[in-house]
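Given next are the chains, with one letter for each unit.
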Amino acid sequence: MNELLQNMAARASRARLAAVAGIAAVLLAAGCGALPDKPARATLYDFGPNLTASTAPAPSNPHALPPIALAELEAGTRLEGTQLLYRLGYADANQLRPYGQSRWSLAPAQLLHQRLRDALAARRTVLGPEESATIARSEGKVPDTLRVSLEEFSHYFESPNKSVGLVRLRATLIRSNAGGDRVLAQQSFMVQRPAPSGDAPGGVKGLAAASDAAVAELVAWVDQPR
């Protein structure tokens, strides 16, 4: 009798284990099926190859203009990252919104700094802050310094079907001497260029075109005699 009861208990135990294993297998299969897809990687953008710098005719005397020191571009907190931002001007122009799966390869200020340096270097020697300090120590003369602030850099929608790349810069030209620094000139630049489509790729094209136009205006302003 005891042996029969033991056999019955053993069979019941095995049945329970089999049932638990079956439930676990079902849950595991269901869980695997419910796992999210691998997150899509963000698409990276920049301004494209700077073909104008490489194909533009060289000036007769590329060093006729004095050297200039170019400081790193400054930008507000929201523009320090690599998010590609847009504004709905027709709905709420005060709100900056990011495109979810689109990013700049570098922060916009860094991309603009590269473009500006290339444009200036076509006509004069461009120095970094450390190089400028070295010249000041060795020659006793400090090159003028160009400081630029990036104030707006967004894909701006004037309406649901019309948008532009919008760039706003503020440039300050500073001269240093034994008596201290003084502002030679200061100018704001706001440039917009049409975006060919109302999405991230269209915004990139509009912003790249507006950036190149803003850089061209800024360089022409810097080159003015003072």
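Structure shown above.
Residues numbered from 1 in each chain as written. Predicted model: local features only at pLDDT ≥ 70, side-chain atom pairs only at ≥ 80, totals over all residues. Heavy atoms only, no water.

> Can you lay out the overall build of the protein chain for me, pointing to particular residues and giving the numbers?
Helix and strand counts for the protein chain come out as five helices and nine strands. Reading the protein chain from its N end, one meets helices and strands in the order α-β-α-β-β-β-β-α-β-α-β-β-β-α. Within the protein chain, the fraction of its 226 residues that count as buried is 33%. Sequence separation of 24 or more characterises 66% of the internal contacts of the protein chain that already satisfy a separation of 6 or more. (Helix = DSSP H or I, 4+ residues; strand = E, 2+ residues; numbered from the N terminus. Buried < 20%, exposed > 50% of the residue type's maximum accessible area, 1.4 Å probe, protein only. Contact = heavy atoms within 4.5 Å.)

> Describe the pattern of salt bridges, naming the residues involved and giving the relevant values.
Enumeration over the complete set of coordinates arrives at eight salt bridges. For Arg-115, the salt bridge is made with Asp-212, and the minimal N-O distance between the two is 2.8 Å. Of this pair, Arg-115 sits in helix H3 (residues 108–121) while Asp-212 sits in helix H5 (residues 200–222), and the two are 97 residues apart along the sequence. Given a relative accessible area of 31%, Asp-212 falls into the partly exposed group. A salt bridge links Arg-175 to Asp-144; the nearest nitrogen and oxygen atoms lie 2.9 Å apart. Of this pair, Arg-175 sits in strand S8 (residues 162–177) while Asp-144 is found in strand S7 (residues 144–159), placing the two residues 31 residues apart along the sequence. Several salt bridges converge on common partners, so that one network encompasses Arg-123, Arg-124 and Asp-223. (Salt bridge = Lys/Arg side-chain N within 4 Å of Asp/Glu carboxyl O.)

> I'd like a rundown of the packing of H3 against H5, residues and numbers included.
Put simply, H3 and H5 touch, their axes get as near as 10 Å, and they point 45° apart. Here H3 is positioned oblique relative to H5, judged by the angle of their axes. As for how H3 packs across H5, the hand of that crossing is right-handed. Contacts between H3 and H5 involve Leu-112, Arg-115, Leu-116, Ala-119 and Leu-120 from the first element and Ser-211, Asp-212, Val-215, Leu-218, Val-219 and Val-222 from the second. Grouping the amino acids of the contact of H3 with H5 by side-chain chemistry returns eight nonpolar, one polar and two charged. (Axes fitted to C-alpha atoms, helices over the stretch in contact; angles between N-to-C directions. Parallel < 35°, antiparallel > 145°, perpendicular 65-115°, else oblique. Left-handed = near helix turned anticlockwise from the far one by under 90°. Nonpolar A, V, L, I, M, F, W, Y, C, P; charged D, E, K, R; others polar.)

> Which residues make up the nonpolar core, and what values go with them?
The biggest cluster of nonpolar side chains holds 43 residues, and the ones touching the most others in it are Trp-104, Leu-116, Leu-146, Phe-153, Leu-218 and Trp-221. Those elements that place two or more of their residues in this core are strand S2 (68–70), strand S4 (83–88), strand S5 (92–104), H3, S7, S8, strand S9 (180–194) and H5. Examining the composition of this core, we find that twelve residues originate from one element, H5, more than from any other. The contact partners of Trp-104, leaving out residues within four places of it in the chain, are Leu-44, Tyr-45, Asp-46, Phe-47, Thr-82, Gln-83, Leu-84, Leu-111, Phe-153, Val-204 and Leu-207. (Core = buried A, V, L, I, M, F, W, Y, C linked by side-chain atoms within 4.5 Å.)

> Account for the packing of aromatic side chains, with residues named and values stated.
A full pass over the atoms with the stated rule returns six aromatic pairs. Among the aromatic residues, those joined into a ring-pair cluster are Phe-47, Trp-104 and Phe-153. When the ring centre of Trp-221 is taken as reference, the NZ or CZ atom of Arg-226 above it lies at 4.8 Å. (Phe/Tyr/Trp six-rings, centres within 6.5 Å; stacked < 30°, edge-to-face > 60°. Lys NZ or Arg CZ within 6 Å of the ring centre and 35° of its normal.)

> How would you sum up H3? Please name residues and give values.
The terminal C-alpha atoms of H3 lie 20 Å apart, and with 14 residues this matches the ideal 20 Å at 1.5 Å per residue to within 8%. Within the sequence span of H3, burial applies to Pro-108, Ala-109, Leu-111, Leu-112, His-113, Arg-115, Leu-116 and Leu-120. (Expected span 1.5 Å × (residues − 1).)

> Could you give an account of H5, naming the residues involved and the relevant values?
With 23 residues, H5 extends 32 Å between its outermost C-alpha atoms, agreeing within 8% with the 33 Å of an ideal straight helix rising 1.5 Å per residue. Where H5 begins, one side-chain oxygen reaches toward the backbone nitrogen of Gly-202, 3.0 Å away; that side chain belongs to Asp-199. (Polar contact = N/O pair within 3.5 Å; in protein donor to acceptor, adjacent residues only side chain to side chain.)

> Account for the environment of Leu-218, naming residues and giving values.
Take Leu-218: it is sitting in helix H5. On a C-alpha basis, the gap between Leu-218 and Phe-189 in space is 7.5 Å, while along the polypeptide they are 29 residues apart.

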